[in-house]
Structure formats: C-alpha cells, structure tokens
Amino acid sequence: MMPKKSGIAAALITALVVALPTASPAQDATLAIVGGRLIDGYGGPPIHDSVVLISGNRITAVGTQNDIEVPSGVAVIDADGRTVMPGLIDLHVHFDILGHGNYDHWFETYESRMRSDVLPTAARIMLNAGVTSVRDLGTDIDNAFWLREQINSGAMPGPRTFIAGPFLRKTVTSFVSPDFVDTWVVESPADGRRKVRQLAGMGVDVIKTQDEALSREELAAIYDEAHKHGLRVATHLFSQRALRTALEAGIGQWDTIEHIGAGSQPRYPDDIVNMIIEQQVAMAPTIIAEEGLRQIYLNPELVHDPAWGALMPADIYADIRGSYANVQRHPLFNRAVLHRESKMMKLRQLYQAGANFIVASDSGSRANPHHNAASREIHFLVKEVGLTPMEAIMAATRWAAVVLQKQNELGTITEGKLADIIVIDGDPLEYPGDLRHVIHVIKDGVQIR
Ligand SMILES: [Zn+2]
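Quantities reported herein were computed from a predicted structural model and do not represent experimental measurements.

Draft legend 1. Expanded view of the nonpolar core. Counting residues in each nonpolar core, the largest one holds 123 residues, and the members touching the most others are V52, I207, I358, A395, A396 and A400. Per element, the largest residue contribution to this core is 7 residues, and it comes from helix 3 (residues 114–128). For this core, the two domains that each supply at least three residues are domain 1 (12–87 + 412–449) and domain 2 (88–410).

Written out as structure tokens, the structure is:
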C-alpha cells in the first residue's frame, strides 16, 4: 500500500508544481466578473455562465464557471443574468458640446466653463454610459490635450481619449464660425504635409480633414503624410463629389469617412462603391447626429429624459432643454427629415456591398447627447442599415479598436487585453437597444460603476 500512496502523493505534488504557473492569474486576481453571458467581441457564440478574471488593469483569464475557479477574497461583480461585453468605443465624439441646439450661443456662453464644467461633464457621462474609449473629432486642441492628461493621470473620470486636434480645411466658412479657434487652413499640398507633421509632433492620434474645398492634390498630400506618420485619417464630407475626390486622393484602409451617406441621391455610383470596398475605408455614418432632431420632433419627451441632465450642472441642462422648444424650426430640421431615407438607402447599399462599418455617433452634437449617442447609433445601424446586432456591437468594439490601431489592447475580452468591460441589463444580441441599460463599467481594471 505504501508505495502506491506515495505514488499518489508524488503525482499530486507534480500536479501542483505543474499547476502553479497557470494558477497564478487566479492568485493575482483583483476583480472577477462572474456569471454573465459573455460577448467577447470576436463575433462567435456568447459564453454562458462566464468568468472574467482581472489583475490590475489586465484581463488574465476568460472562461466559464466550470473551468475557472474564482479565488476567495477577490472582489466579485455578480453578472448573473446579465450580458458582459467589451466597453463601447465611439470613434466620433465632441467633448466640448453637450447636445445643445445652437452652437453660436453655446460657445459664446460656455467657452469660459470648458475646463470647469463642460469637458468633465461629457467625459463623466460617456464613461457612465459604458463608452470606455472615444475619438474626439473637434475639441480645441489645448483643451483636448488637457482633458486627455486629466483622464490619463486619474484626476478625472472619463473614457480613454484619442484626439484629432484642429480641422484641416481649405477655407474658414460659415459652417464653422470665423473665430473658431481650431481650424487650420491648408494653402497647398506642401502646406498640408507640413501641418500634418506639426500635428503628429504635437501628439494627436488622428488627422481630421473637414472641407470639401480641399483639392485632390492637397488631400493626397495630407493622407500620404498622415499614413507615413502611422496616423489614420477621418475625413468629414457630405457631397458625392467630395467623396469621390477623397477616394481618388487615396483615403485608405481603416481611415474613416464621417457622415457617409449624406445627400439626397438614393444610390452611389458603382465606381464610388468599388473604391470604398477596394480601399477598405471604414464607414462612419453618424446616423443619430442627423436623426436626433427628428427624434425629438417625434417624441419631445426625449429632451426631458432625466438621464440627459443627470450628471451635468442644472443650469446647463435647463439651457439645453430650452434650445429644443421649437425643434421643427431648427435650421437643420428639414435636412434631417428630407434626406433621411436617401441616406439610409445609401448606407444599405454600402453594407450590402461589403463595406466596413464602425460606430461613430458625433456624440455631443445637436440633439445628440452623450448619455445614449453610441447605443442609439447602434440601434439605427441594426434597424435601418441591416447590420446584425453582433456586427453592430463589433463595429463599436473590435473594429473600432482596429481603427484606433489598439486592437492588441482594446475592443475584445481576452487574456492579456486591457480590462475595459461593461455589464448590461438585458440581451443586446436580441434587443440592441438594451445597450442603454448599463449596470457596471470597468475601465482599466477599475470598477467605475
Ligand atoms: Zn462631429
């Protein structure tokens, strides 16, 4: 009997020794999310009764309650009956506006309260809504860098922040007020290259062009210089002519076209669709940015939603609410209504042709408050464009991380990635609108909510 017993003991010791390295993630765990249905962001079937272990700011183990033991003493988030998924990534937000209907009034009134109220409010609301990474495409560059530093240093809660800095434009037009500080005028192709180099040196994460008057040569120079610096480009445009120019100028793989689908024509010509597919440009439809006004017209109670004002100074919310007293008189209301169906038709055309879609809500723009911009954009991508709920979720997680060039760190729930995770009340694969019901937010391994 003795030899056999010691044989078992030896085997146990060997098993323990062998098991030690794989046991260490559990031993180091600082947080466990236990029991939910996990959508990991890769598009495969969800994992039921899931366990996610986090150590510090990293995910260390992902599996089920059958194969992962939650070590005793670890802080546990009970996700039983909920959905666990990667934090949302919104590739088009504005920290410096909070959904007010009148930009002239807004900047006149709140320029002096940007750092004290506006930027922290936008950051807090988006993070609270489960948006753990954003790409800001408009905030004044000094304010944007300041905010990014505040968030990164932990001084202020907010999503991971990627910054475009100033719009590169050919002209300063009425679209942006003449004293708008964050427009840089491009004089020539060489000047475009110089300004991209300057922005790259300042530490921006993306280059934004915002002008249909930039020539093909100027755009080509801007795109080429941005790509040489490892930066992606976000190009804002509305007309079909400008879209063709941007494509011919070489807008490239996982660069984005902001507001794609705008305009009254119901279809894009084949050559434009073919270039979009061949160049693998990502589509950033910002549906809710144009749809927001119409939604308030259909349902004025949206402006009274307590969630809009919940995390912002009361006087600012009262001012925003007042700006929608007559929404059908808003200068952009008619466009929102008249161009709606033609935009959706073009987006469906692009989706059916196989174009890449990402979530870019234009969060903070008029009638488009931060507390539900990303979830509403996802809703319309499913309801109107035809993406499956899983595709729309991936457009806000895995593929958005690819656009940010952070796919090795963000966008999916897998061992080694940064722990940006949300817990949703409901089933967003069946009801994408459930993404509004965020129960828990974990960013960088820290439970925010
Ligand atoms: Zn925008």
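So, next bit.
Draft legend 2. Just the sheet that holds strand 4 (residues 58–64), in detail. An order of 4-3-1-5 is seen for the 4 strands of this open sheet, with the pairing classed as mixed. A strand with exactly one partner marks an edge of an open sheet, and here the two such strands are strand 4 and strand 5 (75–78). Neighbouring strand axes in the sheet, compared pairwise and without regard to direction, differ in orientation by 15° on average.

Draft legend 3. Examining the pairing of strand 4 more closely. Bridging between strand 3 (residues 50–55) and strand 4 involves 6 bridges; their strand directions are antiparallel. Each residue of the ladder has a partner; that of L53, found in strand 4, is A61.

Draft legend 4. Main features of the sheet that holds strand 13 (residues 232–236). A sheet is described by the order of its strands in space; here 7 strands give the open sequence 11-10-12-13-14-15-16, paired in parallel fashion. Lying at the two open borders of the sheet, with one neighbouring strand each, are strand 11 (183–185) and strand 16 (356–357). Docked against the sheet, helix 6 (residues 216–228) engages strand 10 (167–169), strand 12 (206–209) and strand 13, running at close to 170° with respect to strand 12.

Draft legend 5. Just the pairing of strand 12, in detail. Here strand 12 shows two buried faces, one formed by V206 and K208 and the other by I207 and T209. Examined bridge by bridge, strand 10 and strand 12 share 2 bridges and lie parallel to one another. The residue bridging L168 from the neighbouring strand is T209, located in strand 12. Across 4 bridges, strand 12 lies against strand 13 in parallel orientation. Note on strand 13: the bridge partner recorded for T209 is T235.

Reading the values: rules and limits
Residues numbered from 1 in each chain as written. Predicted model: local features only at pLDDT ≥ 70, side-chain atom pairs only at ≥ 80, totals over all residues. Core = buried A, V, L, I, M, F, W, Y, C linked by C-beta atoms within 7 Å. Buried ≥ 20, exposed ≤ 12 C-beta atoms within 10 Å, placed from the backbone. Helix = DSSP H or I, 4+ residues; strand = E, 2+ residues; numbered from the N terminus. Domains from an automatic or database assignment. Pairing = 2+ DSSP bridges. Axes fitted to C-alpha atoms, helices over the stretch in contact; angles between N-to-C directions. Contact = placed C-beta atoms within 7 Å.

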